[in-house]
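Commentary on secondary and tertiary structure
Chain by chain, the residues:
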Amino acid sequence: MVKYVYDFSEGDKDMRDLLGGKGANLAEMTKLGLPVPPGFTITTDACREYMKLGGVPEELAPEVTERLAAVEEKMGRKLGDPSNPLLVSVRSGAKFSMPGMMDTVLNIGLNDESVEGLAKVSGNERFAWDSYRRLVQMFGDTVLGIEGALFADALDGMKEDRGVKFDHELTAEDLKELVVQFKEITKEAAGREFPQDPREQLDLGIEAVFLSWNTERAKIYRRRERISDDLGTAVNVQTMVFGNMGEDSGTGVCFTRDPSTGHAGVYGDLLMNAQGEDVVAGIRNTEPLVQLETHDKKSYDELLAIMDKLEKHYRDLCDIEFTIERGKLWMLQTRVGKRTAAAAFRVATQLVDEGLIDMDEALTRVTGNQLTQLMFPQFDAKAHKTLVTRGMAASPGAAVGEIVFNNQEAEVAAAEGRKVILVRRETNPDDLPGMVAAEGVLTARGGKTSHAAVVARGMGKTAVVGAEELEIHENGKFIKVGDMLLEGGETIAIDGSTGEVFLGNVAVTDSAVTTYLADGLEAGRVAAGAGERRADLIESVGRILTHADEKRRLDVRANADTPGDASRAVSFGAQGIGLCRTEHMFLGDRRTLVERVILSEPGSINREESLAKLQELQFADFVDMLRVMDGKEMTVRLIDPPLHEFLPDLTKLEVKVAVAQAKGENVPATELKMLEAVRRMHESNPMLGTRGVRLGILLPGLFAIQIRALVRATLQLKKEGLDPRPEIMVPLVGSVRELRMIRAEAEGLIREEIEAAGVEHDFPIGCMVELPRAAVTAEDLAREADFFSFGTNDLTQTTWGFSRDDVEGTIFPTYIEESVFGVSPFETIDQHGVGRIVEIGAQGGRSTKPDLKLGVCGEHGGDPESVHFFHKTGLNYVSCSPFRVPVARLEAGRAAVMEG
């Protein structure tokens, strides 16, 4: 029989698949003997069964009854008892943390009778009615689907009537009246009374958490974080402890290290006489955690000891929620804390230095996406800045954009290509679409553990929170700071590393990490300067990247077509060039030479002169490139795109000629010849037409001039005492006969040039595998190839039947929203489809030549998830754009240490 419910004493931290992250960690803290309020976890199996059945599995209710009875016995109270009620919370808890994306209901068990009992046993009537109004409000919003603003407006109206600013200033009588108003709102908006049966409250609360797995905000978050929709969430039912029982009670969230910077210290947010949602929601501005020492020294010392114990136990930065009820400390949750990219690198090396983890594990604690964030630009320290205000530095980075106040404005602006800053009093989970669309987030309320801060850090978005001087008028579409007024659409800049907000556009510069990666440690230290971007971050990145280089099996090359790109790639750590696109060398002024080749008759003087000039230019290009890449492999792809790309647009040319003829003007013969050639070469689907190896066969002499130029450049540099290492790559091969024809021509040309120069040199000849047929016949191709390079961009197009230029703006948004795939297959390799084709090609090629060199040269070579796949598949190298080389180096090292 399936077991759906586990007591906290029955699990541990390794049961995240079944109990979710929150349930597994509550069980682990219980196991460690920490003060955890008793409770139980309903498994992710139950949620998946709920989604499958469209309702609660019949086996669940009896198990909940049994576990609830055990909690009641342990606490000596019964759920909703009129004289001494047990109250519980119902919280979500998926395998992977999804902060604020799913639902929570607190204070379940309160009704019109038990609220009087709670007031009596607590001796605090105001606390009891405050708890009840919170339940009615949360239950209405979360379970019954009532618009939260209806309750918020009633609460704000009550405070305005009473002339107070904060919730905790309302009296017990005020709260009694508010409960009546909330129940009236419930009846009117939901068409039913607020339920008085505590068990009905519990059952409906559990079902609401199940349903919250598939809310729009949860689905958006999972798509962004690449979390499977099939996992489901666990539900945690836990005895309530109260931080709003008076000034000797409080609640907070803390971190064992600063999640923004990674620095050691006492970090967290505290609210006395409050419940947990007040901290996370940012409704009231918090106190720093260190202030707890002045409020309650005993609880403060106990909390610090528990923080240290948990960090050493989990061997990582921990995020902890706690409540103090009348001087008694309770632990409500812990998890490995979300952190910024800078914090991730710092913490990883700190834990190594403290002996908690080794460098292999440190490598698994950071990601290529985090390194990418650190390479983003920062505000130029020398730029003129007009300070508007300061808040808390919640998630680092530099963001500039127009002020917007809601999701719709942010999403419209993003669709139009405009950069925006989402400005809110405080964010809530419904603001996720706007946060995704915006460059950064600015809030007037909240601390480092507020919704805005936690979600922004998880997404790598710049965020400044708790900027108290801001008066945000969302309906009026303006902000006031003192006498300054800023309207929606005006530009501001926010610095998530300092908490500063500036007026207007502020110039940005390369990050210190990018400077270090390109120019070395000392240059990086100088660029880091003082403050948040100190040299210790540069050193942490350097230590981890160095270890990745020591561990990785994959080589990392770059896609580069110019000496400047090649030089930058080498400075970023590239071990060679995996793709030099020669067609880029034919653009600009050289386009006319290509036109002449196309338009001239085979063997004509015009064609031969044009080919000779192109060869001369290519020779100079290759000399410059090979000189930069001295001692490193440089894979040169022969010209690949359709030749019509070098000719005028057919429609424009036809219109030009037709207009001239209509006017009776004489159309030059050259233009008519050009029109005839363009018509002849026009193709409905040029990406599957006359390109790649087909050009080399159909247009004699074009590949030949490239091969001669490359060979001559190589032999000249070799005579100079350099060590050029070119490789010749034939594109779009689908048949071994195609490759054999080009190889035979190339070998003849190479032999001629070597004999003329009197210098021997080896020139490997290989092919791109970018057609499914090439992959499935790889054992044949390998007989004629010295290496394979998988062109995964075209391989994705030809495997899926997608035209990349067309589908990314039309089909893909719907496909991703409907979970046809979680991410564009052009961004991350489709392992089950395109990846399988790569595996077939790799296995086929090596069945003929066991030592066949295999690489990949699409941009997948710099995508973190794809790099792990290429490592597993046994490729020799990946190649990507120069900027992504450090990311590929890091992920190749991570793939090696995480293998198995």
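The residue count restarts for each chain, going from 1 along the sequence in the order it is written. Note on the predicted model: pLDDT of at least 70 is required for a residue's local features to be given, and 80 or more for side-chain atom pairs to be given and counted; whole-chain, interface and lining totals, by contrast, use all residues. Side-chain numbers come from the whole structure's heavy atoms, not from hydrogens or water.

Quick word on the overall build of the chain
Note the following rule: Elements are defined by DSSP. Helices are runs of H or I of four residues or more, strands are runs of E of two residues or more, and each kind is numbered from the N terminus. Taken over C-alpha atoms, the radius of gyration is set against a globule rule of 2.2 Å times the number of residues to the power 0.38. It only takes one pair of heavy atoms within 4.5 Å for two residues to be counted as in contact. Residue exposure ignores everything except the shown protein chains as possible cover, and the areas themselves are Shrake-Rupley values with a 1.4 Å probe. A positive count includes Lys and Arg, and a negative count includes Asp and Glu. His and the chain ends are not counted in either. Note that the charge is assigned to NZ on lysines, CZ on arginines, CG on aspartates and CD on glutamates.
What the chain contains, in helices and strands, is 37 helices and 33 strands. Relative to a compact globule of 900 residues, whose C-alpha radius of gyration would be 29 Å, the chain shows 33 Å and is just as compact. Dimensions of the chain, computed from the C-alpha atoms along their principal axes, are close to 105 × 65 × 55 Å. Considering only intrachain contacts with a sequence separation of at least 6, the fraction spanning at least 24 residues in the chain is 69%. In the structure as shown, the chain presents an accessible area of about 35,800 Å², 49% of it carried by carbon and sulfur atoms. For the chain, the distance from the average position of its 104 positive side-chain charges to the average position of its 144 negative side-chain charges is 4 Å.

So, the pattern of salt bridges
We apply this condition: Salt bridge, as used here: a side-chain nitrogen of Lys or Arg that lies within 4 Å of a carboxyl oxygen of Asp or Glu. In this scheme, a residue with accessible area under 20% of its type's maximum is buried, one over 50% is exposed, and one in between is partly exposed, where area comes from a 1.4 Å probe on protein chains only.
Evaluated as defined, the whole model comprises 68 salt bridges. Where Arg192 meets Glu200, a salt bridge forms, and the shortest distance between an N and an O atom there is 3.2 Å. Judged by relative accessible area, which is 30%, Glu200 ranks as partly exposed. Between Glu865 and Arg226 there is a salt bridge, with the nearest N and O atoms lying 3.2 Å from each other. With a gap of 639 residues between them, Glu865 in helix α36 (residues 864–873) and Arg226 in the loop between α9 (216–225) and β7 (233–239) connect regions that are remote in the sequence.

Thoughts on the packing of aromatic side chains
Short version of the rule: Pairing of aromatic rings covers Phe, Tyr and Trp, the last counted by its six-membered ring, and requires centre-to-centre distances within 6.5 Å; plane angles under 30 degrees mean stacked, over 60 mean edge-to-face, and any other angle means tilted. Lysine NZ or arginine CZ positioned within 6 Å of the ring centre and within 35 degrees of the ring normal marks a charge as sitting over the ring.
With the rule as written, the count across this model stands at 16 aromatic pairs. Centre to centre, the rings of Trp129 and Tyr132 are 5.8 Å apart; their planes meet at 50°, and the pair counts as tilted. Residue Trp129 and its partner Tyr132 are located together in helix α5 (residues 125–143), separated by 3 residues, close to a single helical turn. Taking relative accessible area as the criterion, Tyr132 reaches 0% and is therefore assigned buried. Here a set of aromatic residues connected by ring pairs shows up, and it is made of Trp800, Phe802, Phe812, Tyr815, Phe821 and Phe826. Taking the ring centre of Phe502 as reference, the NZ or CZ of Lys385 above it sits at 5.9 Å.

So, the sheet that holds strand β33 (residues 877–880)
Neighbouring strands of a sheet are bound in pairs by backbone hydrogen bonds; such pairs are parallel or else antiparallel. Which entries qualify depends on this criterion: A strand pair is defined by DSSP finding two or more bridges across the two strands. What counts as an axis is a line fitted to C-alpha atoms, over the stretch in contact for a helix, and the angles between N-to-C directions run from 0 to 180 degrees.
A barrel is described by the order of its strands in space; here 8 strands give the closed sequence β26-β27-β28-β29-β30-β31-β32-β33, paired in parallel fashion. Neighbour-to-neighbour, the strand axes of the sheet open up by a mean angle of 30°, direction not taken into account. By the bridge criterion, 5 bridges tie strand β28 (residues 633–637) to strand β29 (residues 725–730) in an arrangement that is parallel. Its bridge partner lying in β29, Met634 is registered against Pro726. Against the sheet, helix α37 (residues 885–898) touches β26 (555–559) and β33, its axis set at about 160° to β26.

So, the side chain of Asp794
Worth spelling out the cut-off: By the criterion applied in these results, polar contacts are pairs of N or O atoms within 3.5 Å in which, for protein atoms, one can donate a hydrogen and the other can accept it, and in which residues neighboring in sequence qualify only through two side-chain atoms.
Structurally, Asp794 is set in helix α32 (residues 792–800). Of the polar contacts made by the side chain of Asp794, one reaches the side chain of Arg691; its length is 2.7 Å. In this structure, Asp794 is in contact with Met687, Arg691, Leu732 and Glu770, ignoring residues within four places of it in sequence.

Some points on the packing of α36 against α37
Note the cut-off: An angle counts as roughly parallel when it lies under 35 degrees, as roughly antiparallel when it exceeds 145, as roughly perpendicular when it falls between 65 and 115, and as oblique in every other case. Should the near helix be turned anticlockwise from the far one by less than a right angle, the crossing is left-handed, and should it be turned clockwise, the crossing is right-handed. Basically, the charged four are Asp, Glu, Lys and Arg, the nonpolar ten are Ala, Val, Leu, Ile, Met, Phe, Trp, Tyr, Cys and Pro, and anything else, Gly included, counts as polar.
At a closest axis distance of 9 Å, the pairing of α36 and α37 adopts a crossing angle of 50°. Classified by the angle their axes make, α36 and α37 are oblique. For the pair α36 and α37, the sense of crossing is right-handed. Residue-level contacts link Pro864, Val867, His868 and His871 of α36 to Val887, Ala888, Glu891, Ala892, Arg894, Ala895, Ala896 and Met898 of α37. Here the contact of α36 with α37 is composed, by residue class, of 8 nonpolar, 2 polar and 2 charged.

Details of the sheet that holds strand β22 (residues 484–487)
Spatially, 3 strands are ordered β20-β21-β22 in an open sheet, and the strand pairing comes out antiparallel. A strand with exactly one partner marks an edge of an open sheet, and here the two such strands are β20 (471–473) and β22. Going from strand to strand, the sheet's axes swing by 20° on average, the running direction of each strand aside. Across 3 bridges, β20 lies against strand β21 (residues 478–481) in antiparallel orientation. Bridge pairing in β21 places Ile472 opposite Ile479.

Focus: helix α2 (residues 44–53)
This is how it is decided: Summarising the geometry, the arc corresponds to the directions from the helix axis toward the C-beta atoms.
Taken residue by residue, α2 has Thr44, Ala46, Cys47 and Tyr50 as its buried positions. Down the axis of α2, the buried side of the element spans an arc of 155°, and every buried residue falls inside it. Every exposed residue of α2 that faces more than 90 degrees away from the buried side is listed here: Lys52 and Leu53. Those residues of α2 that are buried lie in contact with α1 (16–31), β2 (39–42), α8 (198–212) and β7.

What to know about the environment of Glu595
Tracing the sequence through the fold places Glu595 in helix α23 (residues 591–599). Judged by its relative accessible area of 18%, Glu595 is buried. C-alpha of Glu595 to C-alpha of Ala518: the two residues are 77 residues apart in sequence and 39 Å apart in space. Setting aside its immediate chain neighbours within four residues, Glu595 contacts Phe646, Leu647, Pro648 and Met674.

As for the packing of helix α25 (residues 650–662) against helix α26 (residues 669–681)
Their axes nearest at 10 Å, the elements α25 and α26 cross at an angle of 145°. As α25 packs across α26, the resulting crossing turns out to be left-handed. The residues of α26 that touch α25, namely those facing Leu650, Leu653, Glu654, Lys656, Val657 and Gln661, are Glu671, Leu672, Met674, Leu675, Val678 and Arg679. Tallied by class, residues from the contact of α25 with α26 come to 7 nonpolar, 1 polar and 4 charged.

Concerning helix α13 (residues 341–353)
Heads up, the rule is: Here the expected span of a helix is defined as 1.5 Å times the quantity of residues minus one.
For α13, with 13 residues, the first-to-last C-alpha span of 19 Å sits near the 18 Å given by 1.5 Å per residue. Within α13, 12 of the 13 residues are buried, leaving the element largely enclosed by the surrounding structure. For α13, every residue scored as buried is listed here: Ala341, Ala342, Ala343, Ala344, Phe345, Arg346, Val347, Ala348, Thr349, Gln350, Leu351 and Val352.

Notes on the environment of Asn475
Mapped onto the elements of the fold, Asn475 is located in the loop between β20 and β21. Its relative accessible area of 81% is what places Asn475 among the exposed residues. Between the C-alpha atoms of Asn475 and Gly734, which are 259 residues apart in sequence, the distance is 61 Å.

Let's talk about the side chain of Asp269
Within the fold, Asp269 resides in strand β9 (residues 264–272). Among the polar contacts listed, one links the side chain of Asp269 to the side chain of Thr286, at a separation of 3.3 Å.

As for the nonpolar core
In plain terms, the rule: Among the buried residues, those of types Ala, Val, Leu, Ile, Met, Phe, Trp, Tyr and Cys that are joined through side-chain atoms within 4.5 Å form a nonpolar core.
Among the nonpolar cores identified, the biggest contains 125 residues, and Phe345, Val513, Val541, Phe788 and Leu890 are the most heavily contacted of them. A per-element tally of this core places helix α28 (residues 702–719) first, with 11 residues. Apart from the residues lying within four places of it in its own chain, the contact partners of Leu890 are Phe345, Leu363, Val366, Thr367, Gly368, Leu371, Ile544, Leu545 and Ala548.

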